[in-house]
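Listed below, chain by chain, are the residues.
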Amino acid sequence: MFDALSNRLQDVFQSIKGETRLTAATVESVLREIRLALLEADVNFKVVKAFVDRVRDRAMDQAVLKSLTPSQQVIKIVRDELLALFGDAKGGLTETAARPRVIVMLGLQGSGKTTTTGKLAKWLAKQGRHPIVVSTDVRRPAAIQQLAIVAQQAGVRVHEPVGNMDPVSRTKSALAEAKAVGNDVVIVDTAGRLHIDDELMQELVAIREVAGPTDVLYVADAMTGQDAIKSAGEFNAQMGVTGVVLTKIDGDARGGAALSVVSVVGVPIAFVGSGEKLEDFEPFHADRFVSRMLAWATCCRCSRGPKRSSTRATPKSWKRRSARVDSRWKTFAISCGC
């Protein structure tokens, strides 16, 4: 996902590696390249400006300019500010004593919402929970059937009220079944649209009022870049989104959505999906995410480590590579005092 951005940052950090002292002119040159790299990665321009200003304020400090390891200091500052873009929120779901816990899934059509519902249900089952899923997308019968298939693959219960094609009524009956059977989590897969409209929002608000959800998750396709951020903001204004799920992060997206969503929308990233399999799903951890993005820029070229393969990583190889990168980042972090 961040191949292009990582490569650009490699070049930036390499350019200052041999510097024994940094000057204001050198810092400005580095910041200019970082700004261009972020804009090319489709990061929101307001986020880029604020990010560069914060890095400049810290990098221009005399303690950094006169440091014996100025390049490592700059890298550390960049890493810290990238982490700041994601806020302090932890990935996953928030703690709650509500039973059953109700999770409402939102998103535009094609974002991977139904598959993500199955992934989340499977993840919860692995945590020892007992989820039940229900589709309220009554305008697309295929969507109801799709969720049933995904739920079967995930090994979780699906609520299928025969003949009931009212979204609000289906939500009510799913809650009733969960309480009767003993399911402690209800996941509501709502209808998607090609675009946001008033009818969709009215339906979603009605479902929210009936369900009283503890979590409202917006599923965003990382491939859509800033469009995903705009849609997330509109859903948040109407529904009070509590977290974002980024899908398809193993693809060729430029990464701007991931780096912009928290700052622009004010909603944390809860989960990320890295493939089509139900297992390719995990809570979002900002430190690991930034480490994966920066480790190749800091370790591989600066320490003359192994070169990156140009072959696109599969989900499994991406995870193995991420583990190696996390290890390399820890080694680098110790060496530069991060």
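The structure displayed is predicted, hence computed values, not measured ones. Residue numbers run consecutively from 1 along every chain, following the written order of its sequence. Only residues with pLDDT of 70 or above have their local features reported here, since the model is predicted, and side-chain atom pairs are shown and tallied only from 80 upward, although totals for entire chains, interfaces and linings are computed over all residues. Note: side-chain values were computed over all heavy atoms of the structure, leaving out hydrogens and water.

> Can you help me understand the side chain of aspartate 189 in this one?
Helix numbers and strand numbers start at the N terminus; a helix is a DSSP run of H or I with at least 4 residues, a strand a run of E with at least 2. Tracing the backbone through its elements, the reader meets aspartate 189 in strand β4 (residues 185-189). For the purposes of these results, a polar contact is taken to be a pair of N or O atoms within 3.5 Å, where, inside protein, one atom must be able to donate a hydrogen and its partner to accept one; residues adjacent in sequence count only when each atom of the pair is a side-chain atom. Reaching out from aspartate 189, the side chain makes a polar contact with the side chain of threonine 114 at a distance of 2.8 Å. What aspartate 189 contacts, discounting residues up to four positions off in sequence, is Met105, Lys113, Thr114, Thr117, Val134, Ser135, Thr136, Asp137 and Leu147. Here a residue-residue contact requires only that any non-hydrogen atoms of the pair lie within 4.5 Å.

> Sorry if this is basic, but what is going on with the sheet that holds strand β3 (residues 157-158) here?
Adjacent strands of a sheet form backbone hydrogen bonds with each other and so pair up, either parallel or antiparallel. Read across the open sheet, the 8 strands follow the order β3-β2-β4-β1-β5-β6-β7-β8; overall the sheet is mixed. Looking at strand neighbours, the two that pair on one side only are β3 and β8 (281-283), the edges of this open sheet. Strands pair, by our definition, only if DSSP identifies at least two bridges between them. Where strand β5 (residues 215-221) lies against strand β6 (residues 243-247), 5 bridges are found, and the strand directions are parallel. If you follow alanine 220 over to β6, its bridge partner there is leucine 246. Lines are fitted to the C-alpha atoms to define the axes, a helix being fitted only along its stretch in contact, and any angle between axes, read from their N-to-C directions, falls within 0 to 180 degrees. On the sheet, helix α10 (residues 226-239) packs against β1 (101-106) and β5 and is oriented at approximately 160 degrees with respect to β5.

> For this particular structure, what's the right way to read the pattern of salt bridges?
A side chain with one charge can pair with a side chain of the opposite charge if their charged atoms come near. For this analysis, a salt bridge means a side-chain nitrogen from Lys or Arg found within 4 Å of a carboxyl oxygen belonging to Asp or Glu. Scanning the entire structure with this criterion turns up 17 salt bridges. In this structure, arginine 58 and glutamate 81 form a salt bridge, with 3.2 Å as the shortest nitrogen-oxygen distance. Of this pair, arginine 58 sits in helix α3 (residues 45-59) while glutamate 81 is found in helix α5 (residues 70-85), placing the two residues 23 residues apart along the sequence. Burial classes: relative accessible area under 20% of the type maximum marks a residue as buried, over 50% as exposed, and values in between as partly exposed (1.4 Å probe, protein chains only). Judged by its relative accessible area of 32%, arginine 58 is partly exposed. Of the charged contacts in the structure, one is a salt bridge between arginine 139 and glutamate 203, with a shortest N-O distance of 2.7 Å. Placement of arginine 139 in the loop between β2 (131-135) and α7 (141-154) and of glutamate 203 in helix α9 (residues 198-211) is noted, with a sequence separation of 64 residues between them. According to the relative accessible area criterion, arginine 139 is partly exposed, its value standing at 43%.

> What am I meant to see in unusual backbone geometry here?
Apart from glycine, the bulk of residues carry a negative phi angle, and the bulk of peptide bonds sit in the trans form. In the segment running from arginine 99 into proline 100, the intervening peptide bond is cis, with an omega of 0 degrees. Within the secondary structure, proline 100 sits in the loop between α5 and β1. Of note in this structure, aspartate 42 is not a glycine but carries a positive phi near 70 degrees. Structurally, aspartate 42 can be placed in the loop between α2 (24-40) and α3. We classify aspartate 42 as buried; its relative accessible area is 18%.

> Looking at this model, I keep getting lost on the confidence of the model for the protein chain. Mind explaining?
Close inspection of predicted coordinates is inappropriate for parts of the model with low pLDDT. Across the chain, each position has a pLDDT score giving the predictor's confidence in that residue, from 0 to 100. Here the protein chain shows a mean pLDDT of 82. Residues at 70 or above account for 83%. Between the elements of the protein chain, mean pLDDT differs from a low of 50, seen in helix α13 (residues 315-336), to a high of 98, seen in β4. Note that residues 299-314 has pLDDT below 50 and, in this model, 31 contacts with residues that lie over four places away or in other chains. Here residues 328-338 is modelled with pLDDT under 50, and outside its nearest four sequence neighbours on either side it reaches 21 contacts, counting other chains as well.

> Help me out: how do you make sense of the environment of arginine 208 in this one?
By the element assignment, arginine 208 lies in helix α9. The exposure class assigned to arginine 208 is partly exposed, which follows from its relative accessible area of 26%. The sequence separation of arginine 208 and threonine 171 amounts to 37 residues, and the corresponding C-alpha distance is 9.4 Å. The residues touching arginine 208, leaving out its near neighbours within four places in the chain, are Pro213, Gln238, Met239 and Gly240.

> I tried to follow the pairing of β1 on my own but got confused; where do I start?
The side chains of a regular strand alternate, residue by residue, between the two faces of the sheet. Most of β1 sits out of view: 6 of its 6 residues are buried. Burial of β1 is two-sided: the residues Arg101, Ile103 and Met105 facing one way and the residues Val102, Val104 and Leu106 facing the other way are all buried. One ladder, built from 5 bridges, connects β1 with β4; its direction is parallel. Looking across to β4, one finds that arginine 101 is bridged to valine 185. Bridge count for β1 against β5 is 4 bridges, and the pairing is parallel.

> In this structure, what is going on with α10? I would like to understand it.
In an α-helix, one turn spans 3.6 residues, which is why side chains three or four residues apart end up on the same side. Any helix carries an expected span of 1.5 Å times its number of residues minus one. An ideal rise of 1.5 Å per residue puts 20 Å on 14 residues; α10 measures up with 20 Å between its terminal C-alpha atoms. Every buried residue of α10 is accounted for by Ala228, Ile229, Ser231, Ala232, Phe235 and Met239. Seen end-on, α10 carries its buried residues on one side only, within an arc spanning 165 degrees. Turned more than 90 degrees off the buried face of α10, the exposed positions are Asp227, Lys230 and Ala237. Check the buried side of α10 and you find it contacts β1, α9, β5 and α11 (256-265). Looking one or two places after α10, you find glycine 240, whose phi comes out positive at around 70 degrees. As used here, the arc belongs to the directions running from the helix axis to the C-beta atoms.

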